Amino acid sequence: MKRKKIQAFVTTLAATFVVWTVLLLMLPYSAWAGLVVKLVVWGAFSLIVLKQHDLDVKSIVEKESSLKWVGMSLLLLVIYLLAVNKFRLDYSPLSLHFVVSAILISPVIEEFVFKVVVQNFTSQLIGEIKGNIFASILFVVYHIPLWLYRGNGVAAMNCLWVLVFSLWVGFAFNRTRSMKTCVVIHLCHNIVLGLFLS
């Protein structure tokens, strides 16, 4: 039974990554179209996995956010930001698309997909630490076609930062079992990076 669950999950995940990558690399660039593709492709993936494996995620989705984890995350982010910017805090205004996509929608869909669905499911099969590592590696791989679609290319430092960030959020998820905590950490991360590193 466990083997069939893993095969069904891997098949769904692989098909989703193929569709995600092909659509992003074939469509002409549009920031709003990329957002719609993200919602449709990864929303469909989540619904399929939840239905295939009868996952109960209601308690995870409804659990309140942990201010302790959000505070620790912000502190680490500010330390990183100060180190990268050599202690300068010049900021850039945020665009409407950035606010809608990176602050309002992406943290919710990405944390639901990669923490509530992927990490939660794989942790039940291979343990919390390996589940977090697996989900975090997938989170990096998920970003690669997105970066290419935007014309940014793939930089090793971007991959490393996304991996470290996802591992941290995954650790917070394992401790709190709260999607809201992960979403708040993610949106704070996106706001700070959008203001100070764009």
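Before any of the text, the structure's been laid out above.
These numbers come from a predicted model, not from an experiment. (Residues numbered from 1 in each chain as written. Predicted model: local features only at pLDDT ≥ 70, side-chain atom pairs only at ≥ 80, totals over all residues. Heavy atoms only, no water.)

Can you break down the side chain of Gln 119 residue by residue, with the values?
Structurally, Gln 119 is set in helix α5 (residues 96–126). Gln 119 gets classed as buried once you look at its relative accessible area, which sits at 0%. Residues contacting Gln 119, with those up to four places away along its chain left out, are Phe 114, Gly 131, Asn 132, Ala 135, Gly 170, Phe 173 and Asn 174. (Helix = DSSP H or I, 4+ residues; strand = E, 2+ residues; numbered from the N terminus. Buried < 20%, exposed > 50% of the residue type's maximum accessible area, 1.4 Å probe, protein only. Contact = heavy atoms within 4.5 Å.)

So what's going on with helix α4 (residues 67–84)? Residues and values would help.
Compared with the 26 Å implied by 1.5 Å per residue over 18 residues, the 25 Å span of α4 between its first and last C-alpha is a close match. Every buried residue of α4 is accounted for by Trp 69, Val 70, Ser 73, Leu 77 and Leu 81. Projected onto a plane normal to the axis of α4, the buried residues spread over an arc of 100 degrees and lie on a single side. Among the exposed residues of α4, those oriented more than 90 degrees off its buried face are Leu 67, Lys 68, Leu 75 and Ala 83. (Expected span 1.5 Å × (residues − 1). Arc of directions from axis to C-beta.)

Break down unusual backbone geometry for me, citing the residues and quoting the values.
Positive phi, close to 50 degrees, is recorded for Asp 54, a residue that is not glycine. Position of Asp 54 relative to the elements: it lies in the loop between α2 (31–53) and α3 (58–62). In this structure Asp 54 comes out as exposed when scored by relative accessible area, which is 70%. Positive phi, close to 55 degrees, is recorded for Arg 177, a residue that is not glycine.

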